[in-house]
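Each chain, letter by letter, is given below.
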Amino acid sequence: MTSTLGSRSGARKGRVLAPAFLARQWKPGQSGNPSGHTAEYGEVNKLARQFSVRAIERLGELMESEDERVAVVAANSILDRAYGKPEVRRPEPIDDVVARLERMTDAERLEDAKRLAARIREVLDRDRQQRRLVEGEATELE
């Protein structure tokens, strides 16, 4: 497959691109550097990982220190670059009624309301029956 597309300047003067070149050409939306990092970035990561054990040792030493803030910042920086910052764990949200209702669809809310209404009817019916029994017993005693 050959193509004359590309430069609009006419610098190629009708010459077509080689099929091998076209096969290696990036597709629309494809990045030539998906990670976005340079080669030096990988080298710095490897070097930082070599120093990470010493950084932990140094942090252990600094726990006994009066004030060596710069050393702590440097050690933390090495660890952050070697392994990334620690993941922040947020507490699980409390599943309250309002949050549950907000997550429901209209159809789910309707079904929930129907179940709740049926349960309320059951409780009220049971309460009425108990009152009738109590009233009936009271009438018999009089």
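Heads up: the structure comes first, above all this text.
Please read these numbers as outputs of a predicted model, since none were measured by experiment.

Section: helix H2 (residues 39–62)
Taking 1.5 Å of rise per residue, the 24 residues of H2 would be expected to cover 34 Å, and the 33 Å separating its terminal C-alpha atoms lies within 8% of that figure. Turning to H2, its buried residues number three or more, namely Asn45, Ala48, Ser52, Ala55, Leu59 and Leu62.

Considerations on the pattern of salt bridges
For side chains of opposite charge, pairing can occur when their charged atoms come near one another. Tallied over the entire structure, the rule returns eight salt bridges. Residues Asp106 and Arg109 are paired through a salt bridge, measuring 3.0 Å at the closest nitrogen-oxygen approach. In this pair, Asp106 and Arg109 are both assigned in helix H5 (residues 106–141), three residues apart and thus about one turn of the helix distant. We classify Asp106 as exposed; its relative accessible area is 60%. Between Glu111 and Lys114 there is a salt bridge whose closest N-O contact spans 3.9 Å. One end of the pair, Glu111, and the other, Lys114, are both in helix H5, three residues apart, so they sit about a helical turn from each other. In this structure Glu111 comes out as partly exposed when scored by relative accessible area, which is 41%.

A look at a nonpolar patch on the surface
A contiguous nonpolar patch, built from Leu116, Ile120 and Leu124 and spanning about 270 Å² of accessible area, is present on the exposed surface. When you line up the elements, Leu116 lands in helix H5. With a relative accessible area of 53%, Leu116 lands in the exposed category.

Some details on the packing of H2 against helix H3 (residues 69–83)
Running from N to C, H2 and H3 cross one another at 140°; their axes reach a closest spacing of 8 Å. What the angle tells us is that H2 and H3 run oblique. Crossing angle aside, the handedness with which H2 passes H3 is left-handed. Only Ala71, Val72, Ala75, Asn76, Ile78, Leu79, Arg81, Ala82 and Tyr83 of H3 make contact with H2, whose side of the interface consists of Asn45, Ala48, Arg49, Phe51, Ser52, Ala55, Ile56, Arg58, Leu59 and Leu62. Residue composition of the contact of H2 with H3, by class: 13 nonpolar, three polar and three charged.

A word on the environment of Arg58
Mapped onto the elements of the fold, Arg58 is located in helix H2. Taking C-alpha positions, Arg58 is 7.2 Å from Ala75, a pair spaced 17 residues apart along the chain. For Arg58, the contacting residues outside a window of four places in its chain are Glu68 and Ala71.

Each value, and the rule that gives it
Residues numbered from 1 in each chain as written. Predicted model: local features only at pLDDT ≥ 70, side-chain atom pairs only at ≥ 80, totals over all residues. Heavy atoms only, no water. Helix = DSSP H or I, 4+ residues; strand = E, 2+ residues; numbered from the N terminus. Expected span 1.5 Å × (residues − 1). Buried < 20%, exposed > 50% of the residue type's maximum accessible area, 1.4 Å probe, protein only. Salt bridge = Lys/Arg side-chain N within 4 Å of Asp/Glu carboxyl O. Patch = residues over 30% accessible without salt bridge, like charges linked within 9 Å, V, L, I, M, F, W, Y side chains within 5 Å. Areas by Shrake-Rupley, 256 points an atom, 1.4 Å probe, with all protein chains shown as cover. Axes fitted to C-alpha atoms, helices over the stretch in contact; angles between N-to-C directions. Parallel < 35°, antiparallel > 145°, perpendicular 65-115°, else oblique. Left-handed = near helix turned anticlockwise from the far one by under 90°. Contact = heavy atoms within 4.5 Å. Nonpolar A, V, L, I, M, F, W, Y, C, P; charged D, E, K, R; others polar.

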